[in-house]
Every structure is written in C-alpha cells, then in structure tokens.
Amino acid sequence: MHVLPSTLEKLAFDRVIEALAERAATPLGRERARTVAPDLDDGARELAFERTDEVLRGDDLSLGGVEDVRPLLDRVREGGVLDGREILSIAYTMDAAATVRRAIAQGDRPQLRLLAEAMSSFDGVLRLVREQLDVQGEVRDDATPKLREIRRRLQPLRGRIRERLSQLLAQHSQHVQDPIITLRRDRYVIPIKASSQARVPGIVVDTSDSGQTVFVEPAPVVAMNNELALLEFEERDEVRRILIALGQRVAFEPGLEPTLAALAELDLALASARLAREWWLSRPEVAEGAPVQLPAARHPLIEACVANDLLLAGEDGDERLMVVTGPNAGGKTVLLKTLGLAVLMAHAGLYVAAGSASGAEPGGDASGRRRPRRARLPRVAALLTDIGDEQSIEASLSTYAAHLTNLRRIVEAAAPGTLVLIDELGSGTDPDEGAALSQAILEVLVERRAVGLVTTHLAPLKVFASRTGGVRNAAMRFDVDALAPTFELTIGQPGRSYALAIARRIGLDAGLLDRAETLLGPEGARLERLLETLERQREALQLELDEARASSEQARAEAALLRDQIEGLREREAELLEQAAERADALLKDTLQRATALRRSAREDPEQRGKALEALQALRRETRSKAAPASGGAAPGRGPGGAVARDPIRPGALVRVASYGAEGPIQEVRGDTLVVQLGLLKVEVPRREVTPVTPKPRAPRGPAGAAAMPAAPAAPLGGGVPRELNVRGERVEGAIERIRDYLREAHALRVASVRIVHGKGTGALRDAVRQYLREEKLVTRFEDAVPYEGGHGVTVAYLRA
C-alpha cells in the first residue's frame, strides 16, 4: 500500500508500532516490531494474522533466556575472543530456542510449528558448552586433558609454597609486619618490616603505601614461585585456546542465524497477540473490493473512546463515499483517523479496534439493516489523506493552499482500490466557493470509484450527498440539553451545526435568534428545520427499535427457558424409561429362573409334575399381574412403578376413524400415518384422526346364523392353561416365544389341541406362526379354525400324545 510518511504520523501509526515493540519480550522482537509497515502482500498479511490467532488460541509461550547475541557473534567472526560468560549467553539463547521449539511441537498450531521447524535443537553444541564451562562461565578443570594435568600440578605446588612461607613467618616472626601470606605481582610473598628488610633473605617485590612494609619473596620459595608462574602461564594459554575454539564453535553454528530470525518472528507474533488482548482488537478480513465494515470501531489510542459502526460499500457497490457532518469537537476527525488507522494496522498484519468474533447481532443503522460483527476492509493500493493544518512558512503556503495541494494529489491519484480521507473539506475559504469546489472534487471521487470518508460543515455538501448515487450522509450527534457531543455516529442522515439550537438553549435573546434565522435565509432555515425534524423522528424510531429489541430478547430468553424445561422433561422421561427397563429386566430374569427350576423339577420327578405345573401356572398369573397396567396412579402410557404400557395405536388394535365414521383394525403403522381396514376397504388416515376403541365381546354364530354358545377360547384347560393364546398385533419374535412356552405347558398337561389367535391383517404374523408350527416337534398338524370361530385369523394346532 502506498502511503506517505506524513500520513503515518498523522494517523498515529508510529505510536501503535511503539506500543507493539514495548510488548515484545526480547531485543530481537522489539527490533522486528519497529520494522512493521502497512506494505504486506496478501500472503504475508494472512500469515501474520494466523500466527497471532494461534498464539491467542494456545498456551502461553515464554522466550525467557533469549538475548540479542548478534554483537557477540560479529566479534567472533571478526577475530575477537569471547569470555566464558559471553559464550554462556549464546548458549542460553540456543537452549531457550530449543525449549520453545519443543513447546510448540506439542500443540496444534501449524504456522507456529513452521517457525519452530526453522529453529535448531543445538544438542551437540550445548553438550560441548556444558562439558567445558561451569554455570559461572569458568573453564572446567577437565575441559581438556592438558588443562586437567596443569591444574593437577598447580594445586599441590601452591600448597607447598604456602607451607614453606608459613614456616618462614614463624622463623622470622620478630621481623614480620603481619603474619599473613599474600600475592604481589602474581608472586607469593610475606610482609616484612622495612627496618628488618636485610634480616630476611629474598627479593623485595613491592612496598606498602606508607613505606613501613616491604613484601619479600623469601629465597627458599623463589624457585617454586618460578615454577608456579610457568604453570599458570600454560594454564592461561590453554584456557584461551579453549575459549577461542568454543566461541567459534557456537558463533559458526549453522542453524543459529535462522533460529534468531525465527525467534524474532515468534516474538512479533507474541507481541501482536498481547496487543490484541490488551486493546481488545479483533482479526479483520481483508479482500479485494470488499466493503468497509467496522462494527463497534474505536480509536485504540483514545481512552474510553465511543465505538461506532462504520459501513461503506466496496468499489463495485453503492455508497462508497460517506460525508460526515456535525458540530465542532463532535468526533468527526477521530472517526476519520479511526478508519485510517484500522486500514494501516490491517495492512501491516495487525488486528484492528473493531468487530468481534460473535458473528452478527441485532441492531443496525438508521435504515434498520443488521450490523456485521466481523471487521472487513478492502485491500487498499493507496491511502490518500488531507488531515490537519499543513501551513508551510518555508514554502509560502497558507493553510488553504496546503489543503489544495493535498486535494490535487488526491484527485490525481484517485482510482478503484484507493481510500480517501479528507478532513473539513471546503473549509478555510469562502463558503460558496469552497462548497462548489468541494462538490466538484466529490464528483470526481465518485466517478473514479474511490472509497472514502469526508468530513465537512458545508450545507450544500449535505444536499449533494443526499441526492447523489454512491454518496452517503452521516452525522455526529450532539446533546443539546447537556450542551455536549455524544460522539455517536448516525448513518443515513446529515448532521446539524447546532449553532442556533445551542444559542437558544443557553438563553440568547429570542429577537437576536429570530434575526439570525432571517439572515440565514429561507433555504438555510428550511434545511435546519428539516434536519431537526429528521433527528426527532430518528430518535423516536430508535426508541421503538430499542423496545422491539428488548421484546425480542425477552422472547428469546423465554423460548430458551422453555427449551431447557422440555429438555429436562425429556431427560426425566429417559431416566424413567431406563428405570422401568431395569425393573422389567429384573422381573424377567427372576421369572425365567423360577420357570426353569419348575420345569427341571417336573422332568426329573414325575410324581411332582402336577405340583410343578400348578406352580408354573401360578407363576404365569403372578407375572401377568405384575406386568398389567394399574388402574390409576400411573403416568399416561405407563404401568405400575413407571413401566411402559403397550401403545394402543398398534397393528391389530381396533380404532374409530372420525372422518369415515367407522371402526376397524389397524393394519400398518407408518409413522404418523395408519392403514386401517374399514370393512372391505383399506384406508390411509393420519394418526390424529383415530381414537382407540375397546373391543366388545362378540357372540360367535353358527352356520345357520343363530347365536352359538360362547366359543372355547374363554374356557381354560385342565391345570389352568387357557384354551387359546392371543398374539394378535404382537411382533413376530415375541409372539413365537409366547407360543413356544404355551405349547410346552399344554403338552405337559396332555392337551390334545390349542387355538392360536393371530388375526388376519397382512398375513405376516400368520405365516410366521405356521412356519414355526411346521418345525415344532410337539405339533402333529394344524389347520384354520372354522369360519364362525375365527377362520383364517385363528390356527388350531394338534399336539402329540
């Protein structure tokens, strides 16, 4: 993006960059932050956004221990020597980079992981540093075999020297100034009184400041001191050689430079995330030709700045230019700079002070349109501005001439992809001429499809904006009662100057005000009254809109409450169903265990068979009584204790169809649609149109049509087994299981034949029952019941003797 340095300064971009640098953790990051500029291409900008986003989404990363070691590296590369502490500084930076590399590798942050992959682990060089230097940066005794041998000889030699000097102190105690052993010029000496110098044979190495003491190297230790000096020289030489080699090893480590560059980029991403978190910034969407959508936009450098929704169409849309009017000190210039700074920050890869991550929320501008909550900005090729007083004494330019110079540059450069920001257009000269020139400039900007924001006080420009396609009016509000601006932007209507309104509010003479309105002229007075009327209407509409929003919010809250209650009921239902299923499982398990034991007893002891069968029938009756629905007290659709009762709307159930005024059995259940047999017809009806009917006992008729005696199904067989088993409307698996148990009990009681009532329906259950009977060894044959006892709906099975 092309932008002048003076524009960056006027929009306070440098202050944002300094705030970014202050939040960097390392000198590398601070230096990198100060290079940030609004000149990134699409890929680099999105990469910066993504890195910031990954930092915000993940765990905190620490760059503790990272230092700017580049001056040390340069010194080594220029032939200098590092001491141990300086080498440790480089090693600590390497170790910190390796730690960060491992921390990033553990998370799901792909862009940060790419940065981490550019860092080396430095395992070999760090191990070498630890082997040769201690934590204070001193060379270890075992850094090399030669140094180890030198230091092995040094310590005993120093011990012998001190031991011999101690003997000499005792021997010449009357001549000793202080009974101590000290070092002078790297030689071990003892302090002798100056008056006794000749009494102690040796070399005078130094004297005290007062001249009262001489430091003598006694003759017996001169040879040992010489040997010590030679060893210490060898030690220094070996230590220097080690430090030179180690310094070059770390300075010329191949992965060090890429690691430092990656650390700088990582620190920049961390600083950007800190800035976004502390300033409540959000990630913008930047795209070619996109509209300006800055919901809740505010100036990040102004404390307690009032947020405003700033909306402008893209270069291919309508209302690309916004003309903002209103009172002085009402926030117009701040709004202008807010947009300009947001564009600069976005094009520099920084989050902006607008928008949120919550999508859309109710609300809108004066037209009632909903406000997007995601900040969007167009890709800007050039930012063209005329902001502030640019009077130049050196160039002999007045304020107005300086403005004209800027406006000429803007008009010449205006094109699709440019963003224009003009403050106080038309000011500083005759209002009529200024308005005419300003309108001409706006017409050029509209024609060249530039996007921009213009502030002005000129009434003709308000009229122009209201009548011209591609231009939109907006106003900064003013509280006349409080005599203070509200700094709130109202889009869709021009603003008032409020000069006469404020004068009337503070009690200026009415006659004076009337005269002022007369001088204003009919057009000016009419425009001011129209704007006042529009403002009152807008405030009334805004009040109604706020009330509607409040009602809508209340309705949503109540709906959410109802949803929670319904969900609670569903959870309670599921809980009751689970409890019922557990009780049913327990009852079934107990019944099966008892039934198995009784059958085993009947098989093993023929004499007890009768009692066992009687007990088996009693168990059947007990089980049925427990499973049968209770009369009252249970919830609808449930039996005692919450057990689920059978659905009355099921195949085989008798129902009444209201729309046909007839009754018949259900043949099929297809969701909310039922297939019902009404006489000779099968009809499909909605479930809501049927009601269950309790079947009445029918007296079967004989062939002649006369009423017959009650059929055999009502009479039990010997031992309590029913004469027939009714499985009509049941699922095949459950019906077959009941038939199997029923046949075994009947056979045990030596029953010759039984009736199985399965109904006609689709014939599926009938076919399944008969297929089972063909395979059942206890059955010798089976046939349909006679027509007046059920016909095809009943199968009579004959059992083996």
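Quick caveat: nothing in here was measured; it's all calculated off a predicted structure.

Points about the sheet that holds strand β1 (residues 182-184)
Here is step 1 of the chain: Ordered by their spatial adjacency, four strands build an open sheet running β1-β2-β4-β3, and the pairing between neighbours is antiparallel. Only two strands of the sheet have a single partner each, and these edge strands are β1 and β3 (202-207). For this sheet the average axis-to-axis angle between neighbouring strands, irrespective of direction, equals 55°.
Here is step 2 of the chain: With four bridges connecting them, strand β2 (residues 187-193) and strand β4 (residues 213-218) associate as antiparallel partners. Each residue of the ladder has a partner; that of K193, found in β4, is T213.
Here is step 3 of the chain: Along the sheet, helix α9 (residues 145-171) contacts β2 and β4; its crossing angle with β2, the most-contacted strand, is approximately 10°.

So, the pattern of salt bridges
If the charged atoms of two oppositely charged side chains come close together, the side chains can form a pair.
Here is step 1 of the chain: All chains considered together, the criterion is met by 41 salt bridges.
Here is step 2 of the chain: With its nearest N and O atoms 2.0 Å apart, the salt bridge here joins E288 to R379. In this pair, E288 is assigned in the loop between β5 (285-287) and β6 (292-297) and R379 in the loop between β11 (376-378) and β12 (382-386), connecting sequence segments 91 residues apart.
Here is step 3 of the chain: On the accessibility criterion, E288 (49% relative accessible area) is partly exposed.

Topic: helix α5 (residues 70-77)
Here is step 1 of the chain: Those residues of α5 that sit buried are L72, L73 and V76. Projected down its long axis, α5 carries its buried residues within an arc of 100°, all on one side.
Here is step 2 of the chain: Where α5 terminates, the next one or two residues include G79, which has phi positive at roughly 100°.

A few points about the side chain of T338
Here is step 1 of the chain: In this fold, T338 is placed in helix α12 (residues 332-347).
Here is step 2 of the chain: Apart from the residues lying within four places of it in its own chain, the contact partners of T338 are A297, R298 and H299.

Notes on the packing of helix α13 (residues 399-413) against helix α14 (residues 431-447)
Here is step 1 of the chain: Where α13 contacts α14, the two axes come as close as 11 Å, and the packing angle between them is 20°. When the axis of α13 is compared with that of α14, the two are roughly parallel. As for the relative orientation of α13 and α14, their crossing is left-handed in sense. For the pair α13 and α14, the contacting residues are Y400, L404, L407, I410 and V411 in the first and L437, I441, V444 and L445 in the second.

Here's the deal with the sheet that holds strand β8 (residues 321-325)
Here is step 1 of the chain: One open sheet accounts for six strands, arranged β12-β13-β14-β8-β15-β16; its pairing is mixed. Either end of the sheet is taken by a strand with one partner, and the two such strands are β12 and β16 (484-491). Strand-to-strand, the axes of this sheet are offset by a mean angle of 15°, without reference to chain direction.
Here is step 2 of the chain: Pairing between β12 and strand β13 (residues 418-422): five bridges, direction parallel. Across the sheet, residue L383 finds its bridge partner in β13, namely L419.
Here is step 3 of the chain: Taken strand by strand, helix α15 (residues 459-467) contacts β8 and β15 (471-479), and its axis lies near 130° from that of β15.

Structural notes on the environment of A484
Here is step 1 of the chain: One can find A484 in strand β16.
Here is step 2 of the chain: Taking C-alpha positions, A484 is 8.3 Å from G330, a pair spaced 154 residues apart along the chain.
Here is step 3 of the chain: Residues contacting A484, with those up to four places away along its chain left out, are F478 and D479.

About the criteria used
Residues numbered from 1 in each chain as written. Predicted model: local features only at pLDDT ≥ 70, side-chain atom pairs only at ≥ 80, totals over all residues. Heavy atoms only, no water. Pairing = 2+ DSSP bridges. Helix = DSSP H or I, 4+ residues; strand = E, 2+ residues; numbered from the N terminus. Axes fitted to C-alpha atoms, helices over the stretch in contact; angles between N-to-C directions. Contact = heavy atoms within 4.5 Å. Salt bridge = Lys/Arg side-chain N within 4 Å of Asp/Glu carboxyl O. Buried < 20%, exposed > 50% of the residue type's maximum accessible area, 1.4 Å probe, protein only. Arc of directions from axis to C-beta. Parallel < 35°, antiparallel > 145°, perpendicular 65-115°, else oblique. Left-handed = near helix turned anticlockwise from the far one by under 90°.

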